[in-house]
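Results of the structural survey
As a plain string of letters, each chain reads:
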Amino acid sequence: MSSELLEETINRVSKFASVFGISKSELKIYSYLLIYGRATAREISDKIGMPYTKVYNILSKLEGRGWIIKIDKRPAVYEAIPLKEVWNKIKNTFQEKLNEFEKQFIEPISAIFSSNMLYSIIVIPRDNIIDNIIKLLKDYSKIYLIAISYQELVKDEIIELIKANSLKAETKIIVDKNVNFPEIPSAQMRKAQSLFGSGLITSDSILLIVKSNDNLTGLFSNHKYFVDIATVYFNHLWLTTAG
């Protein structure tokens, strides 16, 4: 793998890895060991142009994560753990954090509000995603916050509904630069360098859409907390794409 391709891959992956608390520098050093084999902190520092002390600190952190192992002590030589093993460690850690969050927050909050709050969380299969988008766009809402990152979602009926809604409600659209989407003068529109997924937020519901193995999957909810969190995140993306 060329250094340019490696750098491009790390830049792309780091956007998602940050969700797990993994820094770009950690990815770069782990990738170097994974591709080029065993190396000392000095060799890594010279090769990737990163200060020795920073490399040494990150190697210690990666060793603590169980991503790498130390082979020799004088000087210390490091070797990367296979990628699949590392990914399993990440998934296990993330699942443990989700379980703890559910235990400490979701369950107590749900117990408080379950008596007077009815809500749905539904997984939407690929074949029903377009119909669900159309249904949400037909429902009354004061706002429509839309993120489009997949060309498959650019359908004539969806575009016409967005146009109609933009004439009577606040409508903001963020479109991935690689998606061909028509200009809608009555809506506020911005281009993004890259989007993790697509989505539609209304006043009281949200539909998130992600792609895995070229298959789209949706997640619908009318839970106020999810709608609020998604709205905050959308507004953050909106500000970062300003200008």
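Structure: see above.
To keep things clear, this report deals only with the structure shown in the data block.

Cut-offs used in this document
Residue indices follow the written sequence of each chain, beginning from 1 at its first position. With pLDDT at 70 or above as the cut-off, local features in this predicted model cover only qualifying residues; side-chain atom pairs require 80 or more to be listed or tallied, and sums for whole chains, interfaces and linings still use all residues. Only hydrogens and water are set aside; all other atoms, that is, all heavy atoms of the structure, feed into the side-chain values. Whenever a helix is involved, its axis is fitted only over the stretch in contact; in every case the axis is a line through C-alpha atoms, and angles between N-to-C directions fall within 0 to 180 degrees. A run of DSSP states H or I qualifies as a helix once it reaches four residues; a run of E qualifies as a strand once it reaches two. Both are numbered from the N-terminal end. Each angle is binned into one of four classes, with values under 35 degrees roughly parallel, values over 145 roughly antiparallel, values of 65 to 115 roughly perpendicular, and all other values oblique. Crossing handedness follows the turn of the near helix against the far one: under a right angle anticlockwise gives a left-handed crossing, and clockwise gives a right-handed one. Throughout, a contact is declared for two residues whenever any of their heavy atoms are within 4.5 Å. Gly is put with the polar residues, along with every residue not named as nonpolar or charged; the nonpolar set is Ala, Val, Leu, Ile, Met, Phe, Trp, Tyr, Cys and Pro, and the charged set is Asp, Glu, Lys and Arg. Strands were regarded as paired on the criterion that DSSP finds at least two bridges between them. We define a salt bridge as a side-chain nitrogen of Lys or Arg found within 4 Å of a carboxyl oxygen belonging to Asp or Glu. What a helix is expected to span follows from its residue count: subtract one and scale by 1.5 Å. Relative accessibility under 20% of the residue-type maximum defines a buried residue, over 50% an exposed one, and the middle range a partly exposed one, all with a 1.4 Å probe and only protein chains included. By arc we mean the arc of the directions from the helix axis to the C-beta atoms, nothing more. A patch consists of residues whose relative accessible area exceeds 30% and which take part in no salt bridge; residues with like charges are grouped when within 9 Å of each other, and nonpolar side chains (Val, Leu, Ile, Met, Phe, Trp, Tyr) when within 5 Å. Using a 1.4 Å probe, the Shrake-Rupley method yields the accessible areas, and only the shown protein chains count as cover for residues.

1. Concerning the packing of helix α6 (residues 129-138) against helix α7 (residues 156-166)
Across the interface, α6 lies against α7 with an axial gap of 10 Å and an inter-helix angle of 15°. Regarding the angle of α6 to α7, the classification is roughly parallel. Note that α6 runs across α7; the crossing there is left-handed. Within the contact between the two elements, α6 uses Ile-130, Ile-133, Ile-134, Leu-137 and Lys-138 and α7 uses Glu-157, Ile-158, Leu-161, Ile-162 and Asn-165. Across the contact of α6 with α7, the residue classes tally to 7 nonpolar, 1 polar and 2 charged.

2. As for the sheet that holds strand β10 (residues 215-221)
Spatial strand order, β4-β10-β9-β8-β5-β6-β7: 7 strands in an open sheet with mixed pairing. Looking along the sheet, the strands with just one partner apiece sit at the ends: β4 (121-124) and β7 (188-192). Averaged over neighbouring strand pairs, the angle between their axes works out to 10° when direction is ignored. Pairing between β4 and β10: 4 bridges, direction antiparallel. The partner of Ile-124 across the bridge, within β10, is Gly-218.

3. Some remarks on the pattern of salt bridges
Within the structure shown, the criterion is met by 9 salt bridges. One salt bridge in this structure joins Glu-157 and Lys-138, with 3.8 Å as the shortest N-O distance. Here the residue Glu-157 occupies a position in helix α7, and Lys-138 occupies one in helix α6, the gap between them amounting to 19 residues. Between Glu-152 and Lys-211 there is a salt bridge whose closest N-O contact spans 2.8 Å. Taken together, the positions of Glu-152 in the loop between β5 (143-148) and α7 and Lys-211 in strand β9 (residues 206-212) put the pair 59 residues apart, joining distant regions of the chain.

4. Observations concerning helix α4 (residues 52-65)
For α4, which comprises 14 residues, the first-to-last C-alpha distance of 20 Å matches the rise-based estimate of 20 Å (1.5 Å per residue) to within 8%. For α4, the set of buried residues is Val-55, Ile-58, Leu-59 and Leu-62. With its buried residues spanning 110° around the axis, α4 presents them on a single face. Away from its buried face, by an angle of more than 90 degrees, α4 presents the exposed residues Thr-53, Asn-57 and Gly-64. Buried residues along α4 sit against α2 (24-36), α3 (41-48), β2 (68-73) and β3 (76-80). A positive phi of about 85° marks Gly-66, the residue just after α4.

5. Quick word on a nonpolar patch on the surface
Together, Ile-121, Val-123, Leu-208, Leu-219, Tyr-225, Phe-226 and Ile-229 line one region of the surface with nonpolar side chains, adding up to about 630 Å² of accessible area. Of all the secondary-structure elements, those providing two or more residues to the nonpolar patch are β4 and α8 (224-240). The leading source of residues in the nonpolar patch is α8, at 3 residues. Relative to the helices and strands, Val-123 resides in strand β4. The exposed category is assigned to Val-123, whose relative accessible area is 58%.

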